[in-house]
Every structure is written in C-alpha cells, then in structure tokens.
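Residue-level structure breakdown
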Amino acid sequence: MSTASCLLTEDQFLCSICLDVFTDPVTMPCGHNFCKACISQHWDRNVPSQCPNCKEVFNIKPELQVNTFISEMAAQFRQSAQQKASSSSSSSSEQQVVKPGEVPCDACTGTRLKALKSCLVCLESYCETHLEPHLTRAGLKKHQLIDPEENLESRMCVKHDKLLELFCKTDQACVCMLCTVSDHKTHDVVPLKEGCEGKKAELGKTEAEIQQMIQKRRLKIQEMNRSVELSKEGADREIADGVQVFTALKESVERSQAELMDTIKEKQRETEEQAEGFIKELEQEVSELKERSSEVEQLSRSEDQLHLLQSFTSLNAAPPTKNWTEVRVRPPSYEGTVRRAVTQLEETLSKQMKKLLEVELKRVQQDEVEVTLDPDTAHPYLILSDDGKQVKHVDVRKNLPDNPERFDYCARVLAKQSFSSGRFYYEVLVKGKTEWVLGVVRESINRKGSITATPRDGYWTIWLKKSECKACADPSVSLSLKSQPQKVGVFVDYEEGLVSFYDVDAAALIYSFTGCCFTEKLYPHFGPSLNYDGKNSSPLIISPVNHTE
C-alpha cells in the first residue's frame, strides 16, 4: 500500500474546495470526492445538492459517508508529506525558523517555519516547502499571493465572509461583491487595483509635498547653520577686536601710570638733589665755623698779649658765611598731576571710542533698507515729495480723507515699509532744521489727537527742540551732544530689542533704547515739526547710506 501511494500524485489527494489533503473524504454520486466538512459548508452557502466540479444537481441530497479507502490513502499521503516537510525543515537554515514578530507557516506541524507568502484565496500563510503547490499546480497558480500577513481575516468582509476585492470611493472603504448589491448598491465602486492606483496617485502627491517640506526644512537647517557660522565669525571677530582694544587700553593705562610715576619721582629727585646741595653747603660752613671756633677758643686762652692782638685782626678778616634765613627746601606740588594724567588717558580713550563707533556704524550701515513715506498716514499739513523721500510742514492744510492710518493732530508720517524681524537701518538728513522727531513705532499706536510718545505707548524716538536733544523715554532723557547732528542714522535689532540713533557725520552714538520687547510690526516714524514762519522749513530727507571705507 505504501508503495502504491507513492505512485499517486498530490493532486489526487487534494480537495478541490479547500485545496488541501482530504480530511474525512466523501464521494458524490458523480464520482467526485470532497472533504465532508467542505462540501457541507459549500451546500450551506451555495446551491444545495450540486457537485462543485461538474455542476450535476442531485434530486435527492446524497448522504455523506466517509470513503474509508480514500481516507486511508489520504492519511498515508499526509504522513508521507509531513515526513518530507520534516526532513526539509530539518535541513533548512536557522534563519527560516519563525522569530518573534514574523508570520509563521500555517501548514507546518512541530517546529513552525517562517512564511514566505500568504494566499488570499486559502487565507493561509506558507513556508518555502508548503508554498510549492501554489507555484507548481495549475489550479493553485491562479491564487493571489502576497507578502506574509498574519491577520488574513482582515481581508474578508465581516458581513458577507467574502474576499474584499472592491473599493467604494463613496465611503472610502474596501468591500466584497455582495456589498455592491446591498449597502453600496448606488455607490461608486471600482476594483481594488483601480482604487489603489488612485490612492497611489494621492500618495505620490503627498510624497511630493512631504519631500518639498523636507527640502524646505533642510534649507532652513542650512540657513540656521549658516546663521550659527556667521554668529561665530562675528563673535570671533568681536572677541579679537575686543582683545585688541582692551589690550591697547591696558597698555595706555599702564603707560599713563608709568609716566605719572616717573613725573612724581622726577619731582622728588629734584627736591632731594636741591636739599642735598644745600645740606652739603651748610655742612661745609659748619666745618669752617668749627675751625674758626677752635681758633677763637685757642686765641682767647693765649697769655701772650702781643700774639693775641696781632692775630685778632686776621681772625676778624675771615670770609663771611651765607645768610640761610630765607633759604627753604619746599616739597613739590603734586596737585593736578594725577588729574592731568587721567585727562590725557581720557583723551586716548575718547579717540579709541571714536574708532570703535566708526567701526560699529559701518557694520550697522550694512543693514540698510529701502524706506519711503506713506501718504495715507501723513498729517494734512505735511507735504511729501513725489519719490516719498522728503517731508516738510506747510501752513496750508490739505483736504485729505480722515482714514484710520492718518495722524490728525501731530504733524507725523510713517513709512510704507514695516519690519517684524531681523535688523534694519536707514539715515535721515536733518540739516537746517531746528526741530524734528525721528524713530520707530509699533503698528497699533494711537494716531488721533494728542500723543504720548513713550516706549510704553509704542514709540521709540528722539526729539530735537530749541537746540536741546531728548530721548522720549519715560521719563525723558536729556542728551548731551558736542554738536547738533546733521544726519541721523536709525538702527533696529528686532530680536535683540535694540533701537539706536547715530550722529552719522561725527560717527557718534546719540542714544540707545535697550531691552525693548517687540511683538508687532515696526514702522519708521518721521516728524518734521512746525515750520515756525520758515525758521524750520527744511525737509526731513531719507538719504542713501554713503558706504565708504
């Protein structure tokens, strides 16, 4: 029997319904064989008493009796196949044994191997050995194989227990054939392939958008890296400049200190030399006087009257001594010595500061921006040039619409351009004017009626009036300037919260608002003030930066 079974082919022991080796095989009157459970379920779901193979209909439903002969043959064949599978499995590499997270073969018994494919018709997964029938048998070759998937039941319609092979565009859901004649009867239903192609097109578009987003972010990363590099270059340059400046200042201080010490020591040396000269002279006189005193004493003790009288005349003829009554060694005056040294050092520091401000001004001038005046914000008494670069006050009020952006009480005007990030710089010629207001303001400032121009109200400005310059802080700050500026530079660092004003010609810092918190757009702000019968008629002029080395 064993030898005979080996001569039979695998197809002769497979149920045409489940495509597996017979289990409890039964024989139909037409001669076809099926698993008892398979034919029973087939008749429950389809036309009863009909052979699935030849379609012969039986008037009387056949009684299903197990064909013992075929059952025994099938059992032997199954055992032989399992032995072959076991032998093949034992010779398989360790990599084929199923690991956690991998899909196991549903046909393996004992040690389960890793599945290579899953069948959407059989709803089972197979290893290399058990997959062979699907690759060789004509009937099984038509089955749809996919990459191993553990939950194959998810590919079946829950309601109809049929394969999900259609896609409903209306409900955006996968459906079976029976769904199209019930719940999705009037819907737009297409084959899975067509639906998948549509989704792939959408995914392609999404992928393109994602790639574009990735590219933008990569560019942003490059931009940020470049900003870091520029920041580091700036930091290194600033450190080098700072070291150079402070080294020079340190050397200047040490040099000034040394010169001060030398000056004081020289005065002390001169005093000491003068005193030493006087003392030496006095000591000489003392020595001479001691000798004379000794001669006088000896002569006074002489008993020789003739000798005393003869010597007395020559003794009185001794050279006179110096009158020391008015002679003084006066300590030198050190008053003003330190002050003069500090003043000289201050001049050196001032020169160094001027050089630093010149460098600083050149740097901020690199952030020059285009600024033009906005006529929609100009007070009716202001006249703007056609190019939007000049503004002055006149005595004739223009008939203009009172729009929300326009100043209606203070003679002010804003620029068209606004800034909400980064740094920007512009210059304004104020030559010939006796009054003016310059600076930046936030977008939401009050433009109607009297204005309180402080940072709290959204104004960061400086103001010249009656030759006095003030920073419009809270309270205002009077600014001590060596000369009235002819051209004013305005620099803003939005993120740093900094607004600085420069006297361009003198390369001097006029004033800085620091620690500002900007949350809105900032607009350049201009106020030419009243013309005062022509005394202040010169315009404010936005002028280009003169980039000179």
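All of these numbers come straight from a predicted model, not from anything done at the bench. Sequence order as written defines the numbering, with residues in each chain counted from 1. With pLDDT at 70 or above as the cut-off, local features in this predicted model cover only qualifying residues; side-chain atom pairs require 80 or more to be listed or tallied, and sums for whole chains, interfaces and linings still use all residues. Processing note: side-chain calculations cover all non-hydrogen atoms of the structure and skip hydrogens and water entirely.

The next subject is the layout of surface pockets. Empty space within the second largest pocket amounts to approximately 1,200 Å³. For the second largest pocket, the lining is made up of 35 residues, of which G234, R237, E238, R363 and R423 are closest to its centre. Of all the elements in the fold, those that place two or more residues in the lining of the second largest pocket are helix 6 (192-301), helix 8 (337-365), strand 17 (487-493) and strand 18 (498-503). Here a strand is any run of E in DSSP of at least two residues, a helix any run of H or I of at least four, and the numbering for each starts at the N terminus. In terms of residue count, helix 6 provides more of the lining of the second largest pocket than any other element does, 14 residues in total. Put simply, Ala, Val, Leu, Ile, Met, Phe, Trp, Tyr, Cys and Pro go in the nonpolar bin, Asp, Glu, Lys and Arg in the charged bin, and everything else, Gly too, in the polar bin. By residue class, the composition of the lining of the second largest pocket is 15 nonpolar, nine polar and eleven charged. Cavity means a closed set of points on a 1 Å grid over the protein atoms alone, one where a 1.4 Å probe fits but cannot get out, pocket means an open set with protein on both sides within 12 Å along at least 5 of 7 lines, and lining means a residue has an atom within 4 Å of a point. Grid points are joined across faces, edges and corners, and a volume is the space filled by probe spheres set on the points.

Moving on to the sheet that holds strand 6 (residues 166-168). Taken together, the three strands give an open sheet; going across it, the order is 7-6-8, and neighbouring strands pair in antiparallel fashion. The open sheet has two edge strands, strand 7 (173-175) and strand 8 (189-191), and neither has a second partner. Each neighbouring strand pair of the sheet contributes to a mean axis angle of 35°, computed without reference to strand direction. Of the strand pairs in this sheet, strand 6 and strand 8 are connected by three bridges, and their pairing is antiparallel. Within strand 8, the residue paired with C168 across the bridge is V189. Of the strands in this sheet, strand 6, strand 7 and strand 8 touch helix 6, which is tilted by about 95° from strand 8. What makes two strands pair is DSSP finding at least two bridges between them. Note on method: axes are straight lines fitted to C-alpha atoms, helices fitted across the in-contact stretch only, with angles between N-to-C directions ranging 0 to 180 degrees. Whether two residues are in contact is decided by their heavy atoms: any pair within 4.5 Å suffices.

Turning our attention to the pattern of salt bridges. For this analysis, a salt bridge means a side-chain nitrogen from Lys or Arg found within 4 Å of a carboxyl oxygen belonging to Asp or Glu. For the coordinates displayed, the defined rule picks out 19 salt bridges. Here K159 makes a salt bridge to D183, at a shortest N to O gap of 2.9 Å. You can see K159 sitting in the loop between strand 5 (145-146) and strand 6 and its partner D183 sitting in the loop between strand 7 and strand 8, a full 24 residues away along the chain. Burial classes: relative accessible area under 20% of the type maximum marks a residue as buried, over 50% as exposed, and values in between as partly exposed (1.4 Å probe, protein chains only). Using a relative accessible area of 58% as the deciding quantity, one classes K159 as exposed. You can call D183 partly exposed: its relative accessible area is 48%. Put simply, R226, E229 and E233 are held in one network by salt bridges that share partners.

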